[in-house]
Amino acid sequence: ELFGYLPSELQLYIARKLDLPAAHIYGVVTFYSYFNEEKRGTYTINVCMGTACFVKGADKVMSEFTRILGVKTGETTPDNLFTLTDIRCIGACGLAPVVMVNDKVYGHIHAEDVPGIIESYKNRDEEES
(Lines give C-alpha, C1' and ligand atoms only; values in the text may rest on other atoms or scores of the structure.)
Protein backbone atom coordinates (compact mmCIF):
# COMPACT_ATOMS: atom_id res chain seq x y z
CA GLU A 1 0.00 0.00 0.00
CA LEU A 2 2.90 2.36 0.75
CA PHE A 3 4.45 2.02 -2.71
CA GLY A 4 1.38 0.95 -4.70
CA TYR A 5 3.34 -1.85 -6.37
CA LEU A 6 6.05 -4.40 -5.60
CA PRO A 7 9.06 -4.10 -7.91
CA SER A 8 11.66 -6.89 -7.77
CA GLU A 9 13.98 -4.85 -5.53
CA LEU A 10 11.24 -4.48 -2.94
CA GLN A 11 10.39 -8.18 -3.19
CA LEU A 12 14.03 -9.02 -2.43
CA TYR A 13 14.01 -6.66 0.55
CA ILE A 14 10.85 -8.30 1.91
CA ALA A 15 12.37 -11.77 1.42
CA ARG A 16 15.50 -10.78 3.35
CA LYS A 17 13.53 -9.19 6.20
CA LEU A 18 11.24 -12.22 6.50
CA ASP A 19 14.12 -14.66 6.01
CA LEU A 20 12.29 -16.36 3.14
CA PRO A 21 13.43 -17.33 -0.34
CA ALA A 22 12.80 -14.58 -2.90
CA ALA A 23 10.94 -17.15 -5.03
CA HIS A 24 8.37 -17.52 -2.25
CA ILE A 25 7.65 -13.78 -2.21
CA TYR A 26 7.53 -13.69 -6.01
CA GLY A 27 5.08 -16.60 -6.00
CA VAL A 28 2.70 -14.75 -3.69
CA VAL A 29 3.00 -11.48 -5.62
CA THR A 30 2.29 -13.10 -8.98
CA PHE A 31 -0.51 -15.36 -7.68
CA TYR A 32 -2.78 -12.66 -6.26
CA SER A 33 -4.28 -10.13 -8.67
CA TYR A 34 -4.24 -7.35 -6.07
CA PHE A 35 -0.43 -7.27 -6.04
CA ASN A 36 1.31 -5.48 -8.90
CA GLU A 37 4.92 -5.58 -10.04
CA GLU A 38 4.66 -2.35 -12.03
CA LYS A 39 3.43 1.09 -11.10
CA ARG A 40 -0.22 1.65 -11.93
CA GLY A 41 -2.17 4.70 -12.98
CA THR A 42 -4.11 6.83 -10.53
CA TYR A 43 -7.25 4.93 -11.51
CA THR A 44 -7.24 1.20 -12.16
CA ILE A 45 -10.11 0.12 -14.38
CA ASN A 46 -10.97 -3.55 -13.85
CA VAL A 47 -13.38 -5.03 -16.38
CA CYS A 48 -14.89 -8.29 -15.14
CA MET A 49 -14.52 -11.02 -17.74
CA GLY A 50 -16.14 -13.78 -15.69
CA THR A 51 -18.79 -15.94 -17.34
CA ALA A 52 -21.85 -13.85 -16.41
CA CYS A 53 -20.17 -10.59 -17.40
CA PHE A 54 -18.76 -12.00 -20.63
CA VAL A 55 -22.15 -13.39 -21.69
CA LYS A 56 -23.69 -9.97 -21.03
CA GLY A 57 -21.15 -8.13 -23.23
CA ALA A 58 -18.05 -7.43 -21.14
CA ASP A 59 -15.89 -8.01 -24.23
CA LYS A 60 -17.56 -5.03 -25.93
CA VAL A 61 -17.05 -2.91 -22.80
CA MET A 62 -13.36 -3.89 -22.72
CA SER A 63 -12.99 -3.08 -26.43
CA GLU A 64 -14.42 0.38 -25.86
CA PHE A 65 -12.07 1.10 -22.94
CA THR A 66 -9.17 -0.12 -25.09
CA ARG A 67 -10.23 2.05 -28.02
CA ILE A 68 -10.77 5.25 -26.03
CA LEU A 69 -7.76 4.95 -23.72
CA GLY A 70 -5.43 3.67 -26.45
CA VAL A 71 -3.99 0.94 -24.20
CA LYS A 72 -4.32 -2.82 -24.02
CA THR A 73 -5.16 -4.88 -20.97
CA GLY A 74 -2.40 -4.54 -18.40
CA GLU A 75 -1.14 -1.22 -19.76
CA THR A 76 -1.20 2.29 -18.33
CA THR A 77 -2.02 5.43 -20.27
CA PRO A 78 0.96 7.72 -21.02
CA ASP A 79 -0.37 10.34 -18.56
CA ASN A 80 -0.37 7.68 -15.79
CA LEU A 81 -4.04 8.38 -15.14
CA PHE A 82 -5.54 4.98 -16.07
CA THR A 83 -4.43 1.36 -15.93
CA LEU A 84 -6.73 -1.06 -17.74
CA THR A 85 -7.02 -4.64 -16.52
CA ASP A 86 -9.34 -7.59 -16.82
CA ILE A 87 -10.36 -9.55 -13.79
CA ARG A 88 -11.88 -13.02 -13.63
CA CYS A 89 -14.70 -12.35 -11.17
CA ILE A 90 -15.72 -9.41 -9.00
CA GLY A 91 -18.49 -11.41 -7.32
CA ALA A 92 -21.34 -9.20 -8.47
CA CYS A 93 -22.81 -11.42 -11.17
CA GLY A 94 -26.30 -9.98 -10.71
CA LEU A 95 -24.92 -6.63 -11.92
CA ALA A 96 -23.23 -8.06 -15.03
CA PRO A 97 -21.39 -6.69 -16.86
CA VAL A 98 -19.40 -5.08 -14.06
CA VAL A 99 -16.54 -2.58 -14.08
CA MET A 100 -14.55 -1.46 -11.04
CA VAL A 101 -12.59 1.77 -10.99
CA ASN A 102 -10.32 1.52 -7.96
CA ASP A 103 -12.88 0.49 -5.30
CA LYS A 104 -16.06 1.81 -6.97
CA VAL A 105 -18.27 -0.80 -8.65
CA TYR A 106 -20.33 0.02 -11.74
CA GLY A 107 -23.03 -2.47 -12.73
CA HIS A 108 -24.98 -3.13 -15.92
CA ILE A 109 -22.34 -1.32 -17.98
CA HIS A 110 -22.56 -1.13 -21.76
CA ALA A 111 -20.02 0.10 -24.30
CA GLU A 112 -21.86 3.42 -24.60
CA ASP A 113 -21.33 4.06 -20.85
CA VAL A 114 -17.54 3.90 -21.15
CA PRO A 115 -16.86 7.49 -22.36
CA GLY A 116 -18.82 8.93 -19.42
CA ILE A 117 -16.94 6.81 -16.90
CA ILE A 118 -13.58 7.88 -18.31
CA GLU A 119 -14.58 11.56 -18.44
CA SER A 120 -15.81 11.55 -14.84
CA TYR A 121 -12.36 10.46 -13.66
CA LYS A 122 -10.53 12.85 -15.98
CA ASN A 123 -12.65 15.70 -14.63
CA ARG A 124 -12.04 14.56 -11.04
CA ASP A 125 -8.30 14.55 -11.63
CA GLU A 126 -8.38 18.04 -13.20
CA GLU A 127 -10.36 19.40 -10.23
CA GLU A 128 -7.80 18.00 -7.79
CA SER A 129 -4.87 19.51 -9.71
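Each remark here, short or long, concerns the structure printed above.
The model shown is predicted, which means the values in this text are computed figures rather than measured ones. (Residues numbered from 1 in each chain as written. Predicted model: local features only at pLDDT ≥ 70, side-chain atom pairs only at ≥ 80, totals over all residues. Heavy atoms only, no water.)

**Some remarks on the nonpolar core**
Now for step 1: The biggest cluster of nonpolar side chains holds 26 residues, and the ones touching the most others in it are Ile-45, Val-47, Phe-65, Phe-82, Val-99 and Val-101.
Now for step 2: A total of five residues in this core trace back to one element, the largest contributor, which is helix α4 (residues 58–69).
Now for step 3: Those residues in contact with Phe-82 that sit more than four places away from it in its chain are Gly-41, Tyr-43, Ile-45, Leu-69, Glu-75, Thr-76, Thr-77, Ile-118, Tyr-121 and Lys-122. (Core = buried A, V, L, I, M, F, W, Y, C linked by side-chain atoms within 4.5 Å. Buried < 20%, exposed > 50% of the residue type's maximum accessible area, 1.4 Å probe, protein only. Helix = DSSP H or I, 4+ residues; strand = E, 2+ residues; numbered from the N terminus. Contact = heavy atoms within 4.5 Å.)

**Describing the environment of Asn-36**
Now for step 1: By the element assignment, Asn-36 lies in the loop between α2 (22–31) and β1 (43–48).
Now for step 2: Sequence separation between Asn-36 and Pro-78 is 42 residues; the distance between their C-alpha atoms is 18 Å.
Now for step 3: Excluding anything up to four places from it in sequence, Asn-36 contacts Gly-4, Tyr-5 and Leu-6.
Now for step 4: Here the side chain of Asn-36 touches Arg-40 through a polar contact of 2.5 Å, side chain to side chain. (Polar contact = N/O pair within 3.5 Å; in protein donor to acceptor, adjacent residues only side chain to side chain.)

**Overview of the environment of Ile-14**
Now for step 1: Structurally, Ile-14 can be placed in helix α1 (residues 8–18).
Now for step 2: Linking Ile-14 and Ile-25, residues 11 residues apart in sequence, is a C-alpha distance of 7.6 Å.
Now for step 3: With near-sequence residues (within four places) excluded, Ile-14 lies in contact with Leu-6 and Ile-25.

**Examining α4**
Now for step 1: The terminal C-alpha atoms of α4, which comprises 12 residues, lie 16 Å apart, in line with the 16 Å expected from a rise of 1.5 Å per residue.
Now for step 2: Every buried residue of α4 is accounted for by Ala-58, Val-61, Met-62, Glu-64, Phe-65 and Leu-69. End-on view of α4: buried residues confined to an arc of 160°, all on one side of the axis. Across from the buried face of α4, at angles greater than 90 degrees, the exposed residues are Lys-60 and Arg-67.
Now for step 3: Of the residues flanking the end of α4, it is Gly-70, one or two places downstream, whose phi is positive at about 75°. (Expected span 1.5 Å × (residues − 1). Arc of directions from axis to C-beta.)

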